[in-house]
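Descriptive structure summary
Each chain is listed here by its residues.
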Amino acid sequence: MFYFSRWKSALIWLSVVLSVWLAAPNFLPQTALDSLPSWIPKNSMTLGLDLQGGSHIMLKLERNDIIQERRETILDEIRANLRKAGIGYTGLAGTGQKITFKLRDPNQIEAARTALKDLREPVSTGLTGTSVTELSETSRPDGSFQYDLTDAGIDYRVRSAVAQSIEVVRRRVDELGTTEPLIQGQGTDRIIVQVPGLQDPQRLKAILNKTAKLTFHLVDQTMSAQEALATRPPANSEVLYTNDNPPVPMLIQKRALLTGENLVDAQPGFDQQRGNQPIVSFRFDSQGAQIFGRVTQENVGRPFAVVLDNKIITAPNINEPILGGSGQISGNFNVQSANDLAVLLRAGALPATLTVVEERTVGPGLGADSIRAGVTAAIISFIAVVSFMVYFYGTLGLIANFAMMVNIVMIVAVLSALGATLTLPGIAGIVLTIGQAVDSNVLFYERFREEMKQGRSIVNAMESGFQKAFGTIVDANLTTLIAAVILFYMGSGPVRGFAVTLSIGILTTVFTAYTISRLMISYWLRRNRSKGMPKGIRTHFFDFARINFMRIRNWSFAITAALTVASVVGFATLGLNLGIDFTGGSLIELKARQGDADLADIRSKLSGLDLGSTQVQGFGDPTNVMVRVQSQKDETAEQGVISKVRGVLEKDYDFRRVEVVGPSVSGELAMTGLIGIGLSLIAIMAYIWIRFEWQFAIGALTATLHDAIMTLGLYVYTRMEFDITAIAALLTIIGFSLNDTVVIYDRMRENLRRFKKMPLEELIDLSLNSTLSRTILTAGTTFIAILGLVVFGGEVIRSFTISMLFGVFVGTYSSIYVAGPMLIYFKLRPDAFDKDKDSAKPGDAQAPTPAV
């Protein structure tokens, strides 16, 4: 077990060197990286938006826009095809996904179906051999027709529109000159845009919100716009408004003579003849130039409207034919609006409106503060855990600390190789790994001590101890890994970053325990040739533990039940202080530019904005303020909140963090969180049921539910904000609690195989006392690591870390006083593991002194 051939040792050290090689760029300044040879890797972890500042925006493509566009297109095609076939009709109209009309002559039903057969043809989706029918047709003997836009067809158009929108959005963002933006689809109708280091998120949202559909129309001069509004405009015309202040109505023809699809360039400029007013010059391709030339030639003297997103930008008279294929758009522009319009026109039009349904913006100042806080907490937690292990295990503690350092380097290396993003919760995941990484070594060391007490030689004790501990190590870490994987798939943003680092940390922990720790111990054994217990181990006082835990199980259950009922009653009456992730709304973190923040003045200014319920409270130092605004009626109104608040407060306050969650997203996040917790419990219970017995699964489930309910009680009575990071904290607590429970259950299973006739209460006490040193030491290292995050990790993750710190306590408690007694209440049979009796050694059947 502790013999390593040269090639195995070489492979282990090669993995360490490779990890250092991949992780090194994260610790070198950029100037040093630039001077290194090209064959040396230079990839480093990407800092998340919460660490470097920037904007995360989720856009939703409006499905109704796609339906409306398809409906109008089908109406035009029906109208054109029936007229071409000489078929009379009446009442052609469309609402929703339904289009209806009636033939004047019912005898022309078959002729009409023939004329419109192309509309019913399946459309290829571009995939191998797949197609979709976009229209279903129904006709009646009286000549009535109904066409329905199919859901499958709309879904296909939505997917196509999302793919097209991603490219348009990418071109628009690239035009702003931002560095390394991330633009990708999410789900069926969402687009995620992440722009690091963005200084002006309002401008980005303004550019992304515009469809930028540019069209050119003739102005209808048959009647005035006022007359059209008072009566009814002609069938082929409509009233649109200008961009002036106040807007001016104009009657224009519906048919667009030319669209922006033929544009090849658009540049901002200045009109020298109008006092250097900002303008946008544009140029068509050859086809567009021909159409533009013909239209202007045929309509000299008539006004020509330039329309952008149903707003008339300008409507000049055509004084002469424009044959060069270029022109200019003038209006009420300033320099930035002219630049933005040029960007929109160059990038192209969106196929449908994109609505901002979620926004999270972090200023660079807050990002720098978060980096300092996270790194400080990690360093302090690391030093504390290292000192803890050296004190309790001496030489073996140094080996465990070395394995832990290699573990951290491997986490950074894997994150760098994957190009993963490091977030502030991700740093918390690394710190949590620091606390739990030594757990594997503690399990092994305590098993080793037990084997030494039974008179084995040091080498045999090491081998037997590791062999017995490794199965427990795998079981305990797998339960946490299950929770982390589900958290990754159900979470988003920084929470997903936490799940990534935690998952990688679990895998590297098992790897280093199996390789690095064993290899270093083999070196120590070969060099010292010691025959006794290594020096410096100070956990012997646990050997005298004879605590009768089960004697007070009824009292502990009564206390547990009372606290659980109090948590449930508090949840039902007081409720949780839900964050905007679940309620929707806006959260704004402000910092006074000069002096302390004036909360009364902020409340006074916000009260006049008609935003509904607003909460203004200080946090941290006196210069910091948190403003929370209730959810608005829709996503557009949510974005209006930020604009209004900026208008009255931006002069005196820095906007360090802005989070906006629309009503639709908040409902989805709440449901996703519940599903995530449910799936975690089901998956973990299934694993424990398979590995142990059903009584163990019920006991673990009860202990886990106890921890979750108690943590909810913490949120209820402390009024800490319950947001998406609270879900991450709950899942992490579930993983930690089950980690501890599995270790204890594993010892109980072993003792059940050995001591067939021992009363179950005594056997459980024996198992709990046998693992007490590991329980206290692991809880201690994890507690110390998380305490560093609570004290030094900053306000952004304060509630997240406090709940995890609380979870360490309740998780340790439930492993002893909930998980254990449940086996008694469900009458676990001592012969439950008779099928494994062959694995028990004859010499192990003697029971130790029972607990007193």
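Small disclaimer: the values here were computed from a predicted structure and weren't measured.

Cut-offs applied
- Residues numbered from 1 in each chain as written.
- Predicted model: local features only at pLDDT ≥ 70, side-chain atom pairs only at ≥ 80, totals over all residues.
- Heavy atoms only, no water.
- Helix = DSSP H or I, 4+ residues; strand = E, 2+ residues; numbered from the N terminus.
- Buried < 20%, exposed > 50% of the residue type's maximum accessible area, 1.4 Å probe, protein only.
- Contact = heavy atoms within 4.5 Å.
- Areas by Shrake-Rupley, 256 points an atom, 1.4 Å probe, with all protein chains shown as cover.
- Phe/Tyr/Trp six-rings, centres within 6.5 Å; stacked < 30°, edge-to-face > 60°.
- Lys NZ or Arg CZ within 6 Å of the ring centre and 35° of its normal.
- Core = buried A, V, L, I, M, F, W, Y, C linked by side-chain atoms within 4.5 Å.
- Axes fitted to C-alpha atoms, helices over the stretch in contact; angles between N-to-C directions.
- Left-handed = near helix turned anticlockwise from the far one by under 90°.
- Nonpolar A, V, L, I, M, F, W, Y, C, P; charged D, E, K, R; others polar.
- Pairing = 2+ DSSP bridges.
- pLDDT = per-residue confidence, 0-100.
- Expected span 1.5 Å × (residues − 1).

With that settled, the discussion passes to the overall build of the chain. A tally of regular secondary structure across the chain gives 26 helices and 27 strands. For the chain, the C-alpha atoms occupy an extent of roughly 110 × 70 × 60 Å along the three principal directions. For the chain, with 852 residues in total, the buried portion stands at 51%. Taking as baseline every contact in the chain between residues at least 6 positions apart, the subset at least 24 positions apart corresponds to 74%. Surface exposure of the chain reaches about 38400 Å², of which carbon and sulfur atoms provide 56%.

The next thing to look at is the packing of aromatic side chains. Counting across every chain of the model gives 26 aromatic pairs. Centroid distance F282 to F284: 5.3 Å. Interplanar angle 70°. Geometry classified as edge-to-face. Taking the relative accessible area as the measure of exposure, F282 reaches 5% and is therefore buried. When the ring of F466 is compared with that of F470, the centres are 5.6 Å apart and the planes differ by 25°; the resulting orientation is stacked. Here F470 and F466 lie together in helix α14 (residues 458-490), a separation of four residues that amounts to about one turn. The buried category is assigned to F466, whose relative accessible area is 3%. The residue whose ring lies beneath R518 is F466, and the NZ or CZ to ring-centre distance is 5.3 Å. Above the ring of F655, the side-chain terminus of R646 is found at 4.6 Å from the ring centroid.

Another aspect to go through is the nonpolar core. In terms of nonpolar packing, the biggest core is built from 131 residues, with Y393, M462 and I688 touching the most fellow members. Tallying contributions element by element places helix α12 (residues 364-418) first for this core, with 18 residues. Apart from the residues within four sequence positions on either side, I688 is in contact with E693, F696, A697, A700, L738 and V742. In terms of nonpolar packing, the next biggest core, distinct from the first, is built from 42 residues, L61, I66, L135 and I191 among them.

So, on to the side chain of T314. Inspection of the secondary structure puts T314 in strand β18 (residues 311-314). Residue T314 is classed as buried on the basis of its relative accessible area, which comes to 15%. The residues contacting T314, other than those within four sequence positions of it, are F304, A305, V306, I329 and S330.

For the rest of this paragraph, the subject is the packing of helix α7 (residues 151-175) against helix α11 (residues 335-347). Packing of α7 against α11 leaves a shortest axis separation of 9 Å and a crossing angle of 145°. Viewed along their axes, α7 and α11 form a crossing whose handedness is right-handed. Between α7, through V168, R171, R172 and E175, and α11, the contact on the second element is made entirely by V343, L344, R346 and A347. The residue inventory of the contact of α7 with α11, partitioned by class, reads four nonpolar, no polar and four charged.

The strand order across the open sheet built from three strands is β15-β16-β19, with neighbouring strands paired in antiparallel fashion. In the strand order of this sheet, the two ends are held by β15 (263-271) and β19 (326-330), each with one partner. Averaged over all pairs of adjacent strands, the angle between their axes in this sheet comes to 25°, without regard to strand direction. Note that β15 and strand β16 (residues 277-284) share eight bridges and pair antiparallel. Bridged to Q267 within β16 is S281. Most of the contacts of α11 go to β15, to which it runs at about 170°, and overall it touches β15, β16 and β19.

For the chain, per-residue confidence averages 82 on the pLDDT scale, and 92% of positions sit at 70 or higher. Within the model, pLDDT remains below 50 along residues 836-852, and this stretch shows 26 contacts once partners closer than five positions in the same chain are excluded.

We now examine unusual backbone geometry. Trans is the common state for peptide bonds, and a negative phi is the common state for residues other than glycine. Positive phi, close to 50°, is recorded for D309, a residue that is not glycine. With respect to the helices and strands, the residue D309 is situated in the loop between β17 (304-308) and β18. When its relative accessible area of 25% is taken as the criterion, D309 is described as partly exposed. Even without being a glycine, R719 presents a positive backbone phi close to 60°. Mapping R719 onto the fold places it in the loop between α21 (694-718) and β27 (721-722).

What follows covers helix α25 (residues 798-817). Between its terminal C-alpha atoms α25 stretches 29 Å, which fits the 28 Å expected from 20 residues at 1.5 Å a residue. The buried fraction of α25 is high, at 15 of 20 residues.

A word on the sheet that holds β17. One open sheet accounts for six strands, arranged β13-β12-β18-β17-β11-β14; its pairing is mixed. Of all strands in the sheet, those bounded by a partner on one side alone are β13 (249-253) and β14 (258-259). Inspection of the sheet shows strand β11 (residues 214-218) paired to β14 by two bridges, in the antiparallel sense. Directly across from T215, in β14, lies its bridge partner T259.

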